[in-house]
Amino acid sequence: MGIEYSPEISELLGRVRRRPNAGWPWHAGLAVPEGLPVKQSWGWLFAPDGRVLTLVNPRDGVVSLPGGSLEAEDAGDPGATLAREAAEEAQALIGPPVYLGYLYDRVGSANGGHECARVRMAAALHGVARSAPDPASGRHYRRLLVAPGLAVELLGWGAAGLQQARAAVAAAVAVLGVPASANETIEELPLGGCWLR
């Protein structure tokens, strides 16, 4: 059985634009070294059937995972950043995040030209509220559930993205109890929100 999706999703995926791969080295399971500031936290958010939440900006076709920059209100906690950003960008309610590792950004594009870490986490996706624009950017994302391997392709993250996805799936299977083989259907979550079971 192949990947299934609706004509509306087909039209949306036809506009997907991948960002250039930054080539940041992936450090699976390792703590961020002392003195290397953590500037961003992004998450692999797993539905109970093993699919992950991806966000598509319909204006430019760029696909992303929920996440963003640490703010003062997060008190230096990447898990708090992920929960806040997931709520703001996707109106998502998530479980406690599990640390996966970090990307080393040597050029510091998220840190004023100074080296920094970009943390990756995994968490259970319990549901989403009514769709709304991100208060920080005004972007109104489309919310798709896709298999982790397809997420890597849509994100354009290459080998490092595949390594991240494998680490995320392993953690999700072990800690969150999701199946190792995800449902392959691409599904857009309803504008009105829903709980995932």
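Before any of the text, the structure's been laid out above.
So, here's what we can say about the structure. (Residues numbered from 1 in each chain as written. Predicted model: local features only at pLDDT ≥ 70, side-chain atom pairs only at ≥ 80, totals over all residues. Heavy atoms only, no water.)

**A few points about the layout of surface pockets**
The rolling of a water-molecule-sized probe over the atoms marks out the regions of remaining empty space. Size it by volume and the largest pocket reaches roughly 650 Å³. R19, Q40, W42, S64 and R118 are the residues nearest the centre of the largest pocket, which is lined by 33 residues in total. Those elements that provide at least two residues to the lining of the largest pocket are strand 2 (38-46), strand 4 (63-64), strand 5 (67-69), helix 2 (78-90), strand 8 (116-128) and helix 4 (158-176). If one sorts the elements of the lining of the largest pocket by residue count, helix 2 sits on top with 4 residues. Class assignment of the residues belonging to the lining of the largest pocket gives a composition of 12 nonpolar, 10 polar and 11 charged. (1 Å grid on protein atoms, 1.4 Å probe; cavity = no way out; pocket = protein on both sides within 12 Å on 5 of 7 lines; lining within 4 Å. Points joined across faces, edges and corners; volume = space filled by probe spheres on them. Helix = DSSP H or I, 4+ residues; strand = E, 2+ residues; numbered from the N terminus. Nonpolar A, V, L, I, M, F, W, Y, C, P; charged D, E, K, R; others polar.)

**Quick look at the pattern of salt bridges**
Applying the stated rule across the entire model yields 8 salt bridges. Across the pair R51 and D49 runs a salt bridge, and its minimum N-O distance is 2.9 Å. Overall, the relative accessible area of 23% leaves D49 in the partly exposed class. R84 serves as the salt-bridge partner of E88, at 3.4 Å between the closest nitrogen and oxygen. You can see E88 and its partner R84 sitting in helix 2, 4 residues apart, about one turn around the helix. Salt bridges linked by common partners bring E73, D74, R84, E85 and E88 together as one network. (Salt bridge = Lys/Arg side-chain N within 4 Å of Asp/Glu carboxyl O. Buried < 20%, exposed > 50% of the residue type's maximum accessible area, 1.4 Å probe, protein only.)

**Here we look at unusual backbone geometry**
Even without glycine at this site, A75 takes up a positive phi of about 55°. Tracing the sequence through the fold places A75 in the loop between strand 5 and helix 2. Residues other than glycine seldom take positive phi values, yet Q91 does so here, at roughly 55°. What makes Q91 buried here is its relative accessible area of 11%.

That's the geometry; what it means functionally is another story.
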